[in-house]
Amino acid sequence: MNIQQHARIEQIKKLSGSMRRLLSLIAGLLWLFWPVLGVLAFVICLPGNKAGPSVLEGVGILLLGVALLVLTQKTVRYSRDLMAHFSEGDIFNSRTLHTARKALLYSLTGLAIDMGFGIYSAFTPMPVSALEEHDTIASIFELTSKGFNGFMFFGLMFVMLWTLEIGRDLYEESELTI
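Residues numbered from 1 in each chain as written. Predicted model: local features only at pLDDT ≥ 70, side-chain atom pairs only at ≥ 80, totals over all residues. Heavy atoms only, no water.

A.B. asks: How would you sum up the overall build of the chain? Please name residues and give values.
C.D. replies: A tally of regular secondary structure across the chain gives 5 helices and 0 strands. Listed N to C, the secondary structure of the chain is α-α-α-α-α in terms of helices and strands. In the chain, which comprises 178 residues, the share counted as buried stands at 36%. The long-range share in the chain, meaning contacts at least 24 apart out of those at least 6 apart in sequence, stands at 87%. Accessible surface for the chain amounts to roughly 10500 Å². Of this, 69% is attributable to carbon and sulfur atoms. (Helix = DSSP H or I, 4+ residues; strand = E, 2+ residues; numbered from the N terminus. Buried < 20%, exposed > 50% of the residue type's maximum accessible area, 1.4 Å probe, protein only. Contact = heavy atoms within 4.5 Å. Areas by Shrake-Rupley, 256 points an atom, 1.4 Å probe, with all protein chains shown as cover.)

The following block contains the structure:
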């Protein structure tokens, strides 16, 4: 069956190609957060910063940042690969399914870590930092991470919707054939 005939599938292929290019740009921009994370690590672990978190808390915050950044980069990578499959019309096979599962797994893991840290920080009193700009850097990083992970999760759900639409169209066409 030639699935290229369906107008909706052609629209999805074009939109998938555009989303793949956008995800490539996002993947490149995410690499800029590694130096920000390095600066954040240096600022958190300043020896003279008595009002800030302890060294153990600072290492925990750094490890959280590294984990979230790695998970976000993996989610973007697999989502970009998924959009490449969709834009080529390569939808119903095990490679595409494997890519979608990986993207969803990394996205859900990032959201779970974000939620866990949110619950932890809600019930743990945090020391007030003497320098507010350090808190600003950490807040920007946290919001960006949550934004990317939320965006990726929403995007993956949207891709699943597309898959269901395509599957429905193919099912209806196969019913007509029978």
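A.B. asks: Help me get a handle on the packing of aromatic side chains, residues and values and all.
C.D. replies: Evaluated as defined, the whole model comprises 1 aromatic pair. A centroid spacing of 5.7 Å and a plane angle of 10 degrees characterise the contact between Tyr78 and Tyr106, whose relative ring orientation is stacked. On the criterion of sequence distance, the pair formed by Tyr78 in helix H3 (residues 55-87) and Tyr106 in helix H4 (residues 94-123) is long-range, its members being 28 residues apart. Assessed through its relative accessible area of 12%, Tyr78 is described here as buried. Judged by its relative accessible area of 18%, Tyr106 falls in the buried class. (Phe/Tyr/Trp six-rings, centres within 6.5 Å; stacked < 30°, edge-to-face > 60°.)

A.B. asks: Any details on the packing of helix H1 (residues 7-30) against H3? Residues and values, ideally.
C.D. replies: Contact geometry of H1 with H3 gives a least axis separation of 8 Å together with a crossing angle of 155 degrees. The angle between the axes of H1 and H3 places the two elements in the roughly antiparallel class. Here the hand of the crossing between H1 and H3 comes out left-handed. Contact residues: Ile12, Lys13, Ser16, Gly17, Met19, Arg20, Leu23, Ser24, Ile26, Ala27 and Leu30 in H1; Leu69, Thr72, Gln73, Val76, Ser79, Arg80, Met83, Ala84, Phe86 and Ser87 in H3. Of the residues in the contact of H1 with H3, the class split is 11 nonpolar, 7 polar and 3 charged. (Axes fitted to C-alpha atoms, helices over the stretch in contact; angles between N-to-C directions. Parallel < 35°, antiparallel > 145°, perpendicular 65-115°, else oblique. Left-handed = near helix turned anticlockwise from the far one by under 90°. Nonpolar A, V, L, I, M, F, W, Y, C, P; charged D, E, K, R; others polar.)

A.B. asks: Go over H3, please, and point to the residues and values.
C.D. replies: A rise of 1.5 Å per residue sets the reference length of H3, with its 33 residues, at 48 Å; its end C-alpha atoms lie 47 Å apart and thus fit the reference within 8%. One or two steps after H3, the chain reaches Gly89, where phi turns positive at roughly 80 degrees. (Expected span 1.5 Å × (residues − 1).)

A.B. asks: An account of the nonpolar core is requested, with residue identities and associated values reported.
C.D. replies: Counting 27 residues, the largest nonpolar core has Val76, Met83, Phe86 and Trp162 as the members making the most contacts within it. Listed by contribution, the elements that provide at least two residues to this core are H1, helix H2 (33-44), H3, H4 and helix H5 (132-177). Sequence-distant contacts of Val76, that is, excluding residues within four places in its chain, are made with Leu23, Ile26, Ala27, Leu30 and Met152. (Core = buried A, V, L, I, M, F, W, Y, C linked by side-chain atoms within 4.5 Å.)

A.B. asks: Quick one: what's the story with the pattern of salt bridges, residue by residue and with numbers?
C.D. replies: Applying the stated criterion to the full structure yields 1 salt bridge. One salt bridge connects Glu10 with Lys13, and the closest N-O pair in it is separated by 3.8 Å. Taken as a pair, Glu10 and Lys13 lie in helix H1 at a separation of 3 residues, close to a single helical turn. What makes Lys13 buried here is its relative accessible area of 16%. (Salt bridge = Lys/Arg side-chain N within 4 Å of Asp/Glu carboxyl O.)

A.B. asks: Can you tell me about the confidence of the model for the chain, naming the residues and giving the values?
C.D. replies: Here the chain shows a mean pLDDT of 76. Residues at 70 or above account for 75%. Ranking the elements of the chain by mean pLDDT puts H5 last, at 68, and H1 first, at 88. (pLDDT = per-residue confidence, 0-100.)

A.B. asks: Explain a nonpolar patch on the surface to me, and be specific about the residues and the numbers.
C.D. replies: A cluster of nonpolar side chains, namely Leu22, Leu25, Leu29, Leu32 and Phe151, defines an oily patch on the protein surface of about 460 Å² accessible area. At 3 residues, H1 tops the list of elements feeding residues into the nonpolar patch. By the secondary structure assignment, Phe151 is in helix H5. Classification of Phe151 as partly exposed rests on a relative accessible area of 37%. (Patch = residues over 30% accessible without salt bridge, like charges linked within 9 Å, V, L, I, M, F, W, Y side chains within 5 Å.)

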